[in-house]
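If you want the building blocks of each chain, they are given just below.
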Amino acid sequence: MSEIDLLRIEIDDIDQELTKLLERRLNMAKKIAEHKKKQGLPILDESREEVVIQKNIDRLNNPDYADKVREFYINLMDISKDVQEDLIK
Ligand SMILES: O=C(O)C(=O)C[C@]1(C(=O)O)C=C[C@@H](O)C=C1
């Protein structure tokens, strides 16, 4: 097997875990949306989003990825809000 094939096997394994985790996270986001609907709360919580982003930047071993992690969580929470809005509308 070529080196790129071996590296792609690693990427595929990581993607498999990421997809499982994404599905779990989106399921939790739906539960939060149901709670917010009952309580009459807005979907968007900007202060919580900043906490999520900062906490995960702080978890990095390589701080060079800070901007990428920020971008990742902004996109992830946009997807989360789409799922939440689809559920409650
Ligand atoms: O924690 C919440 O209040 C959520 O609704 C979850 C979540 C997220 O995906 O992490 C989504 C939307 C909010 O703006 C903040 C965070």
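Residues numbered from 1 in each chain as written. Predicted model: local features only at pLDDT ≥ 70, side-chain atom pairs only at ≥ 80, totals over all residues. Heavy atoms only, no water.

In the nomenclature of an unreviewed UniProt entry, the protein is known as Chorismate mutase of Atopococcus tabaci.

1. Digging into the packing of helix 1 (residues 3–39) against helix 3 (residues 66–88)
The geometry of helix 1 relative to helix 3 is characterised by a closest axis approach of 9 Å and an angle of 50° between their N-to-C directions. In terms of orientation, helix 1 lies oblique with respect to helix 3. In terms of crossing hand, the pair formed by helix 1 and helix 3 is right-handed. Across the interface between the two elements, Leu 22, Arg 25, Leu 26, Ala 29, Lys 30, Ile 32, Ala 33, Glu 34 and Lys 37 from helix 1 touch Leu 76, Met 77, Ile 79, Ser 80, Val 83, Gln 84, Leu 87 and Ile 88 from helix 3. Per-class residue counts for the contact of helix 1 with helix 3 are 11 nonpolar, 2 polar and 4 charged. (Axes fitted to C-alpha atoms, helices over the stretch in contact; angles between N-to-C directions. Helix = DSSP H or I, 4+ residues; strand = E, 2+ residues; numbered from the N terminus. Parallel < 35°, antiparallel > 145°, perpendicular 65-115°, else oblique. Left-handed = near helix turned anticlockwise from the far one by under 90°. Contact = heavy atoms within 4.5 Å. Nonpolar A, V, L, I, M, F, W, Y, C, P; charged D, E, K, R; others polar.)

2. Structural notes on the UniProt feature "domain: Chorismate mutase" (unreviewed entry) in the protein
UniProt annotation of "domain: Chorismate mutase" (unreviewed entry) refers to residues 1–88 when read in the numbering used here. Overall, residues 1–88 shows 83% helix and 0% strand. The separation of its end C-alpha atoms is 49 Å. (UniProt positions renumbered as here; feature names shortened; annotations may be inferred.)

3. As for the site of the ligand
In the region of the ligand, the neighbouring residues are Arg 25, Ile 32, Lys 36, Ile 43, Leu 44, Asp 45, Arg 48, Glu 49, Met 77, Ser 80, Lys 81 and Gln 84. Asp 45 is positioned with one of its backbone polar atoms (N or O) 2.9 Å from an oxygen atom of the ligand. Residue Glu 49 places a side-chain N or O atom 2.5 Å away from an oxygen atom belonging to the ligand. Within the complex, the protein chains bury 91% of what would otherwise be the 360 Å² of accessible surface of the ligand. For the shell around the ligand, the secondary structure elements donating two or more residues are helix 1, helix 2 (46–58) and helix 3. The biggest single contributor to the shell around the ligand is helix 3, with 4 residues. Its residues assigned to classes, the shell around the ligand comprises 4 nonpolar, 2 polar and 6 charged. (Near = heavy atom within 4 Å. Polar contact = N/O pair within 3.5 Å; in protein donor to acceptor, adjacent residues only side chain to side chain. Areas by Shrake-Rupley, 256 points an atom, 1.4 Å probe, with all protein chains shown as cover.)

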